[in-house]
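Structure assessment
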Amino acid sequence: MTAFSLAKRLRAGETVFSGWCMMGSPIVAETIAREGFPAVVLDAQHGLWDTASLVAGIGAVHHAGGAAMVRVPLADFGMVSRALDFGAEAIIAPMINTEADARQFAAAAKYPPLGERSFGPPRALMLQGQFAATDYLAAANAGTLTLAMIETPEALSNAGAIAGTPGIDALFIGPYDLATSLSAGEAQDINAPEVDVAIDRICAAALKAGKIPGIYCRDAARALDMARRGFRFLTVGSDFSVVRDGVAASLKTLAVARGNTKDPF
Ligand code: 3PY
Ligand code: MG
């Protein structure tokens, strides 16, 4: 498979829809990639991934033809470079609220002169196709992506500065935290008018800085809607929601059949 496939697609102007995996299972992540999503996010902020499962999950997604991305835990900038060393092609960092947060994120993710990433990526070298170390060093800053999450009113007001920070490649909206914080904890309505306005403002801030606008979407219909509004990196549901929806649909079919006297129950 092509090295650094996700950055290549997004930097070439493609719109990319991605899977999202919280269960901490490399096989589930691999299944999502094998079904055809070109990227899969392994969520180590709210999901169940530990270090060992992340290493296995990143390899499993890559070998299934996808690009593995990792959402790191809150303010865990040590995990940013670690996940890149494991072979992740992109890092999503939650709650990037200020330009200083953005600079710290970029410093951890990018090699000099953009940042201060420490060199030592044996697994990433292997997954990206036998690059000599110096080739990886030359390719990694452009080949890997940093997505700064905008999900608070403070981040919203700093969105332009965060997007303009060298080494930040994308803004990625967390609509649920954004809706929660914009309503001061009163609601989590991602369709509220103030959330809708904020979503468009963040998209515009990313585009104005020449960066990729991204957003978390609960399902494919919303992802399509957001793509039509200008977003170019969209995550679609999660392994938990897909399993729950699938089981609920089966149970509904069985319940309907049980109510039908011609069925063999
Ligand atoms: C949010 O909506 O706040 C997210 O972080 C999505 O996972
Ligand atoms: Mg969030």
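The paragraphs below set out a description of the structure included in this document. (Residues numbered from 1 in each chain as written. Chains lettered and ligands numbered in written order. Predicted model: local features only at pLDDT ≥ 70, side-chain atom pairs only at ≥ 80, totals over all residues. Heavy atoms only, no water.)

Focus on the coordination of the magnesium ion (ligand 2)
Expected angles at a metal are 109.5 degrees for tetrahedral coordination by four donors and either 90 or 180 degrees for octahedral coordination by six donors. Coordination of the magnesium ion (ligand 2) by the protein comes from E151 (OE) and D177 (OD), over a distance range of 2.1 to 2.2 Å. Residue E151 is located in the loop between β5 (145–150) and α8 (153–157), and its partner D177 is located in helix α10 (residues 175–182); the two are separated by 26 residues in the primary sequence. Judged by its relative accessible area of 2%, E151 falls in the buried class. (Donors = N, O, S within 2.8 Å, 3.2 Å for Na, K, Ca; no water. Helix = DSSP H or I, 4+ residues; strand = E, 2+ residues; numbered from the N terminus. Buried < 20%, exposed > 50% of the residue type's maximum accessible area, 1.4 Å probe, protein only.)

Topic: helix α3 (residues 51–63)
Residues three or four positions apart in an α-helix share a direction because the helix packs 3.6 residues into each turn. Its 13 residues give α3 an end-to-end C-alpha distance of 19 Å, which sits within 8% of 18 Å, the value for a rise of 1.5 Å per residue. Every buried residue belonging to α3 is among S53, L54, G57, I58, G59, A60, V61 and H62, and all of these are buried. Looking at the buried residues of α3, the elements they touch are α2 (26–35), β2 (39–43), β3 (67–71), α4 (77–86) and α6 (122–127). Looking one or two places after α3, you find G65, whose phi comes out positive at around 95°. (Expected span 1.5 Å × (residues − 1). Contact = heavy atoms within 4.5 Å.)

Considerations on the side chain of S183
Within the fold, S183 resides in the loop between α10 and α11 (193–208). According to the relative accessible area criterion, S183 is buried, its value standing at 15%. Reaching out from S183, the side chain makes a polar contact with the backbone oxygen of T180 at a distance of 3.1 Å. (Polar contact = N/O pair within 3.5 Å; in protein donor to acceptor, adjacent residues only side chain to side chain.)

Brief notes about the site of ligand 1
The full set of residues close to ligand 1 is W20, R71, M149, E151, G174, P175, Y176, D177 and Y216. Here E151 contributes a side-chain N or O atom positioned 3.1 Å from an oxygen atom of ligand 1. Taking P175, its main chain carries an N or O atom lying 3.1 Å from an oxygen atom of ligand 1. In terms of residues, the shell around ligand 1 owes the most to one element, α10, which gives three residues. Partitioned by chemical class, the residues of the shell around ligand 1 number five nonpolar, one polar and three charged. (Near = heavy atom within 4 Å. Nonpolar A, V, L, I, M, F, W, Y, C, P; charged D, E, K, R; others polar.)

Side note on unusual backbone geometry
Note the cis peptide between P112 and P113, where omega equals 10°. Position of P113 among the secondary structure elements: in the loop between α5 (99–109) and α6. Even without being a glycine, F4 presents a positive backbone phi close to 50°. As for its placement among the helices and strands, F4 is situated in the segment before α1 (5–11). Accessibility expressed as a relative area gives 5% for F4, which makes it buried. A positive phi angle, near 60°, is found at A75, a position not held by glycine. As for its placement among the helices and strands, A75 is situated in the loop between β3 and α4. Overall, A75 belongs to the exposed group, its relative accessible area being 59%.

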